[in-house]
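Architecture at a glance
Each chain is listed here by its residues.
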Amino acid sequence: MKVAVIGCTHAGTAAVVNTAKLYPDAEITVYERNDNISFLSCGIALYVGGVVNDPDGLFYSSPDQLADLGVTTKMLHEVTAIDTDNKTLQARDLTTGIELTDTYDKLIMTTGSWPIVPKFEGIELDNILLCKNYNHSNTIIEKAQHANNIVVVGAGYIGVELVEAFQMNGKQVTLIDAEDRILNKYLDPEFTSRTEESLQEHGIELALSEKVVKFTGEGGKVTTVVTDKATHQADMVILCIGFRPNTELLKGQVDMLVNGAILVDKYMQTSKKDVFAAGDSCAIFYNPTGKHAYIPLATNAVRMGTLVARNLVQPTNEYMGTQGTSGIKIYEDNIAGTGMTETAAREAGLNVETSTMHDHYRPEFMPTHETVTLKVVYEKETRRILGAQLMSKVDLTQSINTISVCIQNQMTVDQLAFIDFFFQPHYNKPWNYLNTVGLQALAPIQTQQEVHA
């Protein structure tokens, strides 16, 4: 069995390693256009900020490790065309320029995503950078040594983590976003407002509800970012506007969402037989809505890549879908979320209610008893849990994984109130805060008088 794998980061590495172990006789060839594989891109801010000093720890694997499994890795090889009807592909050696043609029995598309780069005036100026891969991170670190005013465009997870890292390194930092609040896709306003206050308390300038219009510079280097409302000084600009799936190679050959994300079935197979896909190039099945959505996360990628391998020869393990569970630490705040925010649910036209608890996570007689804020979003009619968000100074983020399981299993907020959780004063109260937020949402019961009225 000849297996061709296009791209080798989170999903690709998981698919390759598991395929090699499950099918030791398979002839596996990886095509990777970069000069490295398996980079853990969500560690970029930690690397830039100096928390991680040795970048080697940010790699899952290497060509040598894959070779030990019998895998051929063609580094700096860009696949230029795929013919899924005839099961052939064409690739170019980026070092020599030599073109080659290869065949396959099974194709695994793990081409990932690429940053969105709008065609702003002045985008070609030096020191306007992207933040996606290992080479990007090294360039950012190198150029940041000579920059004082750093502007980050895009207030998603990566943008927020980067401004924190730069501020902690003594830089003057501005965060620009066209939306009126940061992290708006992941958190509701009561959580983002507290995070915004924290960023501002640390001296980070927030330029929200501002759209970038152009960049200006001197001597070929960027000096200012011009928005529709203000001008911001910048020695360096990092674009973190969002990501788009890398799927041009299969356009018109497999089913996709409008944005180009590949649709796969529950066994990770595309609409074309023997063509599988995983990771940021794919749409995922989003359990809170029961529909496909584009949610590029490393956790989704490694699960999907592993499932590709297990289903490559015959359907074996079904994909369970995802809740889009994620977390972030900003200064002293530990934040996590799963499923839909109240904002997203209402924008989707769902009739939802919420329950929010704000209390000490363990008994007040303990030496410390930090506060936790936990919000659960649930469907009004069915009372099915759709999402949750948590924030606290102490790390309680694993609790969001518990609610992710609740959403996965279509549990109700009333059931959450009475789930069996242990009690130990070091960790919680007799009513765990997960129970408490469910208890607060319990529907009132009818009294005997009301029943017979």
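The present account deals with the structure reproduced in this document. (Residues numbered from 1 in each chain as written. Predicted model: local features only at pLDDT ≥ 70, side-chain atom pairs only at ≥ 80, totals over all residues. Heavy atoms only, no water.)

Glancing now at the overall build of the protein chain. In terms of regular secondary structure, the protein chain is built from 12 helices and 25 strands. Taking 22 Å as the expected radius of gyration for a compact globule of 453 residues, we find that the protein chain reaches 24 Å, a close match to that expectation. Here the protein chain holds 453 residues, and the buried ones make up 51% of them. Of the contacts made within the protein chain by residues no fewer than 6 positions apart, 62% connect residues no fewer than 24 positions apart. Here the protein chain has roughly 21,000 Å² of accessible surface; of this, 49% comes from carbon and sulfur atoms. Charged side chains of the protein chain number 35 positive and 54 negative; the gap between the two group centres comes to 4 Å. (Helix = DSSP H or I, 4+ residues; strand = E, 2+ residues; numbered from the N terminus. Rg over C-alpha atoms; globule rule 2.2 N^0.38 Å. Buried < 20%, exposed > 50% of the residue type's maximum accessible area, 1.4 Å probe, protein only. Contact = heavy atoms within 4.5 Å. Areas by Shrake-Rupley, 256 points an atom, 1.4 Å probe, with all protein chains shown as cover. Lys, Arg positive; Asp, Glu negative; His and termini not counted. Charge placed at Lys NZ, Arg CZ, Asp CG, Glu CD.)

We now examine the sheet that holds strand β12 (residues 205-208). Spatial ordering of the open sheet is given by β9-β16-β10-β11-β12, a layout of five strands whose pairing is parallel. Every other strand in the sheet has two partners, leaving β9 (128-130) and β12 as the edge strands with one partner each. Strand-to-strand twist in this sheet, taken as the mean axis angle between neighbours without regard to direction, amounts to 20 degrees. For strand β10 (residues 149-153) and strand β16 (residues 236-239), the ladder comprises four bridges, and the chain directions are parallel. What sits directly across from valine 151, in β16, is valine 237. Taken strand by strand, helix α5 (residues 157-168) contacts β10, β11 (172-177) and β16, and its axis lies near 165 degrees from that of β11. (Pairing = 2+ DSSP bridges. Axes fitted to C-alpha atoms, helices over the stretch in contact; angles between N-to-C directions.)

Moving on: the environment of phenylalanine 422. Position of phenylalanine 422 relative to the elements: it lies in the loop between α10 (413-418) and α11 (433-441). The exposure class assigned to phenylalanine 422 is exposed, which follows from its relative accessible area of 53%. Spatially, the C-alpha atoms of phenylalanine 422 and lysine 272 are 48 Å apart, while their sequence positions differ by 150 residues.

Now for unusual backbone geometry. Peptide bonds are mostly trans, and most non-glycine residues show a negative phi. A positive phi is found at leucine 183, a non-glycine position, where the angle reads about 50 degrees. Note on placement: leucine 183 falls in the loop between β11 and α6 (189-201). Relative accessible area serves as the criterion here: at 0%, leucine 183 is assigned to the buried category. Of note in the backbone geometry, tyrosine 331 takes a positive phi value of approximately 55 degrees without being a glycine. Along the polypeptide, tyrosine 331 turns up in the loop between β21 (326-330) and β22 (333-339). Take tyrosine 331: its relative accessible area is 9%, and that puts it in the buried class.

All right, on to the pairing of β10 then. Most of β10 sits out of view: four of its five residues are buried. Relative to β11, β10 runs parallel, the two sharing five bridges. Note on β11: the bridge partner recorded for valine 153 is isoleucine 176. Taken together, β10, α5 and β11 form a β-α-β motif whose crossover is right-handed. (Right-handed = clockwise from strand over helix to strand, strands pointing away.)

Here we have five strands laid out as an open sheet, ordered β21-β22-β25-β24-β23, and antiparallel in their pairing. Only two strands of the sheet have a single neighbouring strand rather than two, namely β21 and β23 (352-360). Adjacent strand axes in the sheet meet at a mean angle of 10 degrees when their direction is disregarded. Bridge count for strand β24 (residues 371-379) against strand β25 (residues 385-392) is seven bridges, and the pairing is antiparallel. Each residue of the ladder has a partner; that of lysine 375, found in β25, is glutamine 389. Set on the sheet, helix α9 (residues 398-408) makes contact with β22, β24 and β25; between it and β25 the angle comes to about 175 degrees.

It is worth spelling out the environment of alanine 283 at this point. For alanine 283, the position within the fold is in the loop between β18 (275-277) and β19 (284-286). Alanine 283 sits 39 residues away from threonine 322 along the chain, and the two C-alpha atoms are 11 Å apart. In contact with alanine 283, not counting residues within four places along its chain, are Leu257, Ala261, Ile262, Leu263, Val264, His292, Ala293 and Met304.

Attention shifts here to helix α7 (residues 298-311). Residues three or four positions apart in an α-helix share a direction because the helix packs 3.6 residues into each turn. With 14 residues, α7 extends 20 Å between its outermost C-alpha atoms, agreeing within 8% with the 20 Å of an ideal straight helix rising 1.5 Å per residue. Buried residues of α7: Asn300, Ala301, Met304, Gly305, Leu307, Val308, Ala309 and Asn311, and no others. Elements that come into contact with the buried residues of α7 comprise α1 (10-22), β7 (106-109), β18 and β19. (Expected span 1.5 Å × (residues − 1).)

The biggest cluster of nonpolar side chains holds 51 residues, and the ones touching the most others in it are Ile82, Leu89, Leu107, Met109, Met268 and Met304. Take this core: its biggest share by element is five residues, from α1. In contact with methionine 109, other than residues within four places in its own chain, are Ile6, Ile82, Leu249, Leu250, Val275, Phe276, Ala277, Ala278 and Ser281. By size, the runner-up hydrophobic cluster in this structure holds 34 residues, among which are Leu162, Leu175, Leu208 and Tyr331. (Core = buried A, V, L, I, M, F, W, Y, C linked by side-chain atoms within 4.5 Å.)

Turning our attention to the layout of surface pockets. For the second largest pocket, the calculated volume is near 770 Å³. Around the second largest pocket, the lining is made up of 43 residues, and of these Arg33, Thr111, Gly112, Ser113 and Asn246 lie nearest the centre. Of all the secondary structure elements, the ones that give two or more residues to the lining of the second largest pocket are α1, β2 (27-32), β4 (77-83), β8 (113-115) and β17 (243-245). For the lining of the second largest pocket, the residue count by class is 16 nonpolar, 19 polar and eight charged. (1 Å grid on protein atoms, 1.4 Å probe; cavity = no way out; pocket = protein on both sides within 12 Å on 5 of 7 lines; lining within 4 Å. Points joined across faces, edges and corners; volume = space filled by probe spheres on them. Nonpolar A, V, L, I, M, F, W, Y, C, P; charged D, E, K, R; others polar.)

Each aromatic ring pair is characterised by the separation of its centres together with the angle its planes make. Summed over the entire model, instances satisfying the criterion amount to four aromatic pairs. Here tyrosine 157 and tyrosine 186 contribute two aromatic rings whose centre-to-centre distance is 4.1 Å and whose plane-to-plane angle is 10 degrees, an arrangement assigned as stacked. Residue tyrosine 157 is located in helix α5, and its partner tyrosine 186 is located in the loop between β11 and α6; the two are separated by 29 residues in the primary sequence. Note on tyrosine 186: relative accessible area 31%, which makes it partly exposed. Relative to tyrosine 427, the ring of phenylalanine 422 has its centre 5.9 Å away and its plane inclined at 80 degrees; by these criteria the two rings are edge-to-face. Tyrosine 427 matches phenylalanine 422 in its accessibility class, with the two residues each being exposed. The ring centre of tryptophan 114 lies 5.7 Å from the NZ or CZ of arginine 33, which sits over that ring. (Phe/Tyr/Trp six-rings, centres within 6.5 Å; stacked < 30°, edge-to-face > 60°. Lys NZ or Arg CZ within 6 Å of the ring centre and 35° of its normal.)

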